[in-house]
Every structure is written in C-alpha cells, then in structure tokens.
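The primary structure of each chain is shown beneath.
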Amino acid sequence: MEQSNKLEGYLKTVCQQIRWKKAHGVISEELENHIIDQKNAFVSEGFTEENAMDKAIEEMGDPIVVGSELDRTHKPKPEWSIISLTGVLLFLGFLIREFIANDVSNAANSTGSNVVITVFGIAVMVIAYFLDYTIIGKHPKFIYFGLIAIMISSMVISPGTISISQKYMGQFFYAKFIMLLFPTAFAGIIYSMRNRGYEGIVLSGIYFIFPALLCLQIPSLSSLAMYTITCLIILTYAILKGWFNVKKLKAMLLVYIPTLITPFIALKFMEQYQIARLKYALNPSLDPFGAGYIANVTRLIIKNAKLIGYNSYGIDTGNLLPNINTDFIMTHLIDRLGWISFILLVMVFLIFIIRALKLVHNQKNVLGNLVSISVIATFIMQVIIYVLNNLGFPLIAPLTLPLISYSRTGTILNLFLIGIMLSVFRNSSIYTSKETSNIKGKKTFNFIDGKIIIDLNR
C-alpha cells in the first residue's frame with residue numbers, strides 16, 4: 001500500500017505540471033509501466049520491494065522537472081495546413097457565390113445569407129474540433145442508430161419536393177445531406193468489429209445495408225453512390241491493414257462479390273425515370289431536348305470555352321442551365337471566366353485532398369485512421385460527382401461541391417466533418433501513444449520475480 005501511495009503521489013505531481021488534461025492518463029500509464037519495470041529489475045538484483053520502488057522513482061527524476069519537460073512535448077497540435085486550406089475554400093466559395101448572384105438574376109443567394117452560413121459553419125467546425133472524436137469508437141451503435149432515427153424523422157416531418165414531374169416525388173431534401181455523416185458512423189462500426197474475423201466483416205455489411213435502403217426511399221442516387229463507395233473504401237482499407245485478422249484475399253471476395261451483384265438487383269427496383277436518367281447520362285444524344293438536354297448543353301458550353309475569358313459564342317449559361325449556384329457552378333465559371341477558373345479551383349481541392357491523405361497515412365491510431373479516412377473519402381466523392389456533372393457526364397445528380405456551392409445544410413455538415421478530422425489530427429500523438437503503450441503491455445511471456453507468466457489472452 002505504501003509503495004502504491006508513493007507511485008501515485010509521484011504520478012500526480014508529474015501530471016500537475018502538464019496543462020493538457022487529456023494527456024494525463026497516457027503519461028501516467030507510460031511512467032507507471034516504466035517505474036514498475038525498473039522496480040522489478042532492482043528486485044531481481046536483491047533489493048527489497050520498498051527499496052526497489054524508492055530507487056526506481058528516484059532514477060525517474062524530480063517529478064516537477066519531468067512534468068515540465070513533458071508539458072513542452074505533450075500539447076494539442078492543430079493541423080494548420082488543413083485549417084488554412086479550409087479557409088481558402090470557404091473564401092473562394094463566398095466570392096464565387098457572390099459573383100454568380102450578381103451575374104445570374106435567378107440565383108437564390110444573398111450576401112447576408114452567405115455570411116451567416118459561413119460564420120455558423122465555422123462555429124460548428126470549431127465545436128467538432130474540440131470534441132473527443134474517440135466517442136465514435138466508444139459508442140458506435142448509439143451514433144449509428146441515432147443517425148438513422150434523425151434521418152427517418154427528417155423524412156417524416158419534412159415533405160418531399162416535387163421534381164422530375166408530378167408523377168414522381170422528388171428527394172427529401174435534408175435526408176440526402178444527413179447521409180454525409182453515415183460513412184463516419186460506419187467507421188465507428190468497423191472499429192468495433194475489428195479482430196472479429198469474417199464475422200466482423202459480415203456484421204459490418206449488415207450495418208451498411210440499412211442506410212442504403214433509406215437512400216432508396218429518399219430517393220437519392222448521388223447519396224447512395226457516395227455512401228456505398230465511401231463505405232467500401234473504409235472496409236477495404238481496414239481489411240488491407242489486417243485489422244480483422246483474416247486472409248485478405250478471402251475477405252475481399254466476401255465483400256466485393258455481393259457488391260458487384262447488388263447493382264443488377266437494384267435495377268429491378270429502380271423507378272423508370274431513374275433508369276432513363278442513367279441511360280441518357282451515358283448517351284445524351286438519345287434525347288437531346290429532354291432527359292439528355294442538360295448534358296448536351298453542358299458539353300456545348302465547355303466545348304466552346306476559352307482558356308481565359310468569356311466563351312467563344314456568347315452562350316448564356318444563366319438561361320440555359322438550371323440551379324447555376326448549386327449544381328453547375330464550375331460550368332458557369334468555365335463559361336464566364338474560362339478554363340483557368342476550373343483549373344485553379346480543382347488545384348485547391350487537390351492540394352487539400354493530398355495533404356489530408358498524407359496526414360491520414362501518417363495516423364498510427366486505428367480509430368483515428370478510420371475516422372479520418374471516412375471524412376476525406378466523403379469529401380473526395382462529393383468533388384468527383386460534382387466535377388463529372390459539370391463536365392457533361394451527369395451519371396448521377398451532384399449533391400454539393402464542398403464549401404463552394406450554395407448549400408446551407410451541405411456547408412454546415414461538411415465543416416462539421418472537417419472539424420472531426422481536425423480533432424483526429426489534433427489528438428493523434430496522445431492516442432497513438434496510448435494505443436502503442438497498450439500493445440507493449442500485452443506480452444505473451446513476462447519474466448517477473450523469477451517466474452515465467454504466460455498470457456493466454458494474447
């Protein structure tokens with residue numbers, strides 16, 4: 001008991017010098033393990049338990065000095081590159097939306113709305129930044145079913161907008177944006193299923209199904225495609241990392257054989273207008289003034305665009321294309337300012353994505369790795385779908401161009417996800433240390449007091 005009090009007092013004094021409270025548990029654990037290992041070494045040399053503990057603590061050094069040194073090295077590390085690039089995208093989005101509002105008379109946008117949404121979105125990102133992202137791993141099922149409840153509620157209380165024609169109901173507007181959050185919730189599910197072998201992979205697939213079915217009820221093919229591909233990326237990543245402890249080839253076949261079969265089954269349950277949209281997206285010339293109209297106009301605009309400046313034939317995208325400020329921002333910029341605007345905007349996105357992927361690759365913590373890859377994969381899928389549509393390949397309707405297009409709900413949720421990713425990067429050193437220390441502490445064979453201890457759980 002006396003030895004335990006001495007050790008506890010030493011650790012408490014060290015932690016009092018460290019301002020980052022989240023680091024206290026990790027540092028205490030590491031110091032305690034080191035002191036106990038050193039004590040055991042002294043015991044094996046003939047020291048009594050009490051003297052060995054005193055000597056081990058003495059060798060560790062003055063607790064105030066040790067704590068002060070650790071305080072300098074253990075502190076939150078904001079990832080300023082991602083924060084800065086997020087700021088650049090927000091600023092560009094603000095300027096572009098203002099430009100379109102002044103250029104196109106029917107663009108639903110205003111400076112006041114721009115400012116309010118941007119400020120509110122930043123506040124949401126900051127809140128997410130300071131949240132403990134590990135809650136995603138601690139309570140994955142609660143978050144997952146909570147999102148399902150929120151999504152169903154949004155479908156019940158908000159009417160679907162009529163689109164396409166009076167025959168077909170349009171999308172439940174808010175529900176399709178809530179789908180942006182599901183890949184991160186799915187990352188938490190995979191984290192909870194790790195080390196469960198093939199059973200964990202199958203259960204992960206079952207959890208994937210329910211949000212996908214809700215996508216079909218909205219209906220939103222863009223949300224379904226984004227969610228499906230993003231979840232496949234996360235699951236594949238976890239398999240390749242070996243976190244399920246299975247044979248990788250068999251696991252990949254278990255995942256991708258049903259995945260390749262599912263689209264053919266889904267075609268049988270799709271509405272006729274959805275099938276027609278896919279058909280004319282692949283070949284818009286089949287109905288140039290109907291379902292293929294937008295694709296034809298988009299291709300005509302980009303075909304006649306200059307590198308810099310207004311298009312060659314004075315085509316007015318404001319009159320030819322609907323939803324300029326939401327769905328066809330890039331096409332409009334190419335038309336009005338030239339390809340240079342598209343190239344610069346894509347470059348900013350690429351810099352953001354490449355930097356984020358590099359930080360994800362450097363993550364050593366399993367949960368942090370899964371959460372951050374889910375966020376950046378969601379971000380990438382939105383950009384890819386949007387760019388393809390704006391270049392005349394409208395296979396599925398775009399959801400939003402993150403932080404750029406006019407979308408209040410989309411902007412807020414994307415900033416929330418970026419805040420979660422920044423929280424991962426901010427705390428990466430401490431949670432990596434914790435996971436590493438836990439692994440090191442679980443040895444199969446331990447030599448203590450002249451006895452070999454075999455840990456069968458290992």
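In case you missed it, the structure is sitting above this.
Residues numbered from 1 in each chain as written. Predicted model: local features only at pLDDT ≥ 70, side-chain atom pairs only at ≥ 80, totals over all residues. Heavy atoms only, no water.

Visitor: What is the right way to look at the overall build of the protein in this model?
Guide: Regarding its fold elements, the protein presents 21 helices and four strands. Looking at the protein as a whole, 48% of its 458 residues are labelled buried. Partitioning the contacts of the protein with sequence separation of at least 6, the portion at a separation of at least 24 is 71%. In the form shown here, the protein has an accessible surface area of approximately 23100 Å², with 66% of it arising from carbon and sulfur atoms. (Helix = DSSP H or I, 4+ residues; strand = E, 2+ residues; numbered from the N terminus. Buried < 20%, exposed > 50% of the residue type's maximum accessible area, 1.4 Å probe, protein only. Contact = heavy atoms within 4.5 Å. Areas by Shrake-Rupley, 256 points an atom, 1.4 Å probe, with all protein chains shown as cover.)

Visitor: Honestly, helix H3 (residues 49-60) in this entry has me stumped. Any pointers?
Guide: For an α-helix the count is 3.6 residues per turn, leaving residues at separations of three or four pointing the same way. When the terminal C-alpha atoms of H3 are compared, their 17 Å separation across 12 residues agrees well with the 16 Å that a helix rising 1.5 Å per residue should span. All of the buried residues in H3 are Ala52, Met53, Ala56, Ile57 and Met60. Buried residues along H3 cover an arc of 130° about the axis, so they all sit on one side. Once H3 finishes, glycine 61 follows within two positions and takes phi at roughly 110°, a positive value. (Expected span 1.5 Å × (residues − 1). Arc of directions from axis to C-beta.)

Visitor: How should the packing of helix H18 (residues 339-361) against helix H19 (residues 366-390) be read in this particular structure?
Guide: The geometry of a pair of packed helices is captured by two quantities: the angle between their axes and the separation between those axes. Viewed as axis vectors pointing N to C, H18 and H19 meet at an angle of 165°, and their least axial separation amounts to 10 Å. Classed by the angle they form, the pair H18 and H19 counts as roughly antiparallel. Considering the relative orientation of H18 and H19, their crossing is left-handed. Only Asn369, Ser372, Ile373, Ile376, Phe379, Ile380, Val383 and Val387 of H19 make contact with H18, whose side of the interface consists of Phe342, Phe349, Phe352, Ile353, Ala356, Leu357 and Val360. Among the residues making up the contact of H18 with H19, the classes are represented as 13 nonpolar, two polar and no charged. (Axes fitted to C-alpha atoms, helices over the stretch in contact; angles between N-to-C directions. Parallel < 35°, antiparallel > 145°, perpendicular 65-115°, else oblique. Left-handed = near helix turned anticlockwise from the far one by under 90°. Nonpolar A, V, L, I, M, F, W, Y, C, P; charged D, E, K, R; others polar.)

Visitor: Would you mind going over the environment of glutamate 8 with me for this structure?
Guide: Positionally, glutamate 8 belongs in helix H1 (residues 2-16). Exposure remark for glutamate 8: the relative accessible area of 53% places this residue in the exposed category. For the pair glutamate 8 and glutamate 32, spaced 24 residues apart in the sequence, the C-alpha separation amounts to 8.7 Å.

Visitor: Would you mind showing me how to read the packing of aromatic side chains here?
Guide: Here a ring pair, both rings aromatic, is described through the centre-centre distance and the interplanar angle of the planes. One pass over the full model with this rule turns up 12 aromatic pairs. Geometrically, the ring pair formed by tryptophan 339 and phenylalanine 342 is edge-to-face, given 5.5 Å between the ring centres and 90° between the ring planes. Placement of both tryptophan 339 and phenylalanine 342 in helix H18 is noted, with a separation of three residues, approximately one turn of the helix. Note on tryptophan 339: relative accessible area 24%, which makes it partly exposed. Residues phenylalanine 349 and phenylalanine 379 carry aromatic rings whose centres are separated by 5.9 Å and whose planes lie at 50° to one another, so their mutual orientation is tilted. On the criterion of sequence distance, the pair formed by phenylalanine 349 in helix H18 and phenylalanine 379 in helix H19 is long-range, its members being 30 residues apart. (Phe/Tyr/Trp six-rings, centres within 6.5 Å; stacked < 30°, edge-to-face > 60°.)

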